[in-house]
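Examination of the molecular architecture
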Amino acid sequence: MLGETDPAKSLPGTIRGDYCIDIGRNIIHGSDSVETANDEIKLWFKDEELVDWKPHNHCCVYE
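Residues numbered from 1 in each chain as written. Predicted model: local features only at pLDDT ≥ 70, side-chain atom pairs only at ≥ 80, totals over all residues. Heavy atoms only, no water.

This brings us to the overall build of the chain. Helix and strand content of the chain: three helices and zero strands. Its helices and strands taken in sequence order, the chain reads α-α-α from the N to the C terminus. For 63 residues, the compact-globule estimate of 2.2 N^0.38 gives 11 Å, and the chain exceeds it by more than 25% at 16 Å. Overall size of the chain, expressed as C-alpha extent along the three principal axes, is 40 × 30 × 20 Å. Taking all 63 residues of the chain together, the buried fraction comes to 10%. Within the chain, residue pairs in contact and separated by at least 24 positions form 5% of the contacts whose partners lie at least 6 positions apart. Of the roughly 5900 Å² of accessible surface on the chain, 55% is carried by carbon and sulfur atoms. (Helix = DSSP H or I, 4+ residues; strand = E, 2+ residues; numbered from the N terminus. Rg over C-alpha atoms; globule rule 2.2 N^0.38 Å. Buried < 20%, exposed > 50% of the residue type's maximum accessible area, 1.4 Å probe, protein only. Contact = heavy atoms within 4.5 Å. Areas by Shrake-Rupley, 256 points an atom, 1.4 Å probe, with all protein chains shown as cover.)

Now the structure itself:
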């Protein structure tokens, strides 16, 4: 879905392959693990800015 970090190596149909042309100005980010994501989220957001949200149909989709 994201495509390779280098947009020149990203396949058509991926976000980077379709919409990105420069590796230095990446248009999307994906963390490699939950731990890394938690660390990266703390770089940009305060705890009080985060919310716990589930869609209204969550109970119907997931068991």
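There is more to say, and it comes next.
Take the side chain of S10 next. Tracing the backbone through its elements, the reader meets S10 in the segment before α1 (15-19). A relative accessible area of 9% means that S10 is categorised as buried. Apart from the residues within four sequence positions on either side, S10 is in contact with G3, E4, R16 and G17.

Another aspect to go through is the confidence of the model for the chain. In the predicted model, the chain carries a mean pLDDT of 90, and 100% of its residues have values of at least 70. For the chain, helix α3 (residues 58-61) is the element with the lowest average pLDDT, namely 86, and helix α2 (residues 34-44) is the one with the highest, namely 95. (pLDDT = per-residue confidence, 0-100.)

A separate point is the environment of E35. Topologically, E35 is positioned in helix α2. Using a relative accessible area of 55% as the deciding quantity, one classes E35 as exposed. It is 24 Å that separates the C-alpha atoms of E35 and G24, two residues lying eleven residues apart in sequence.

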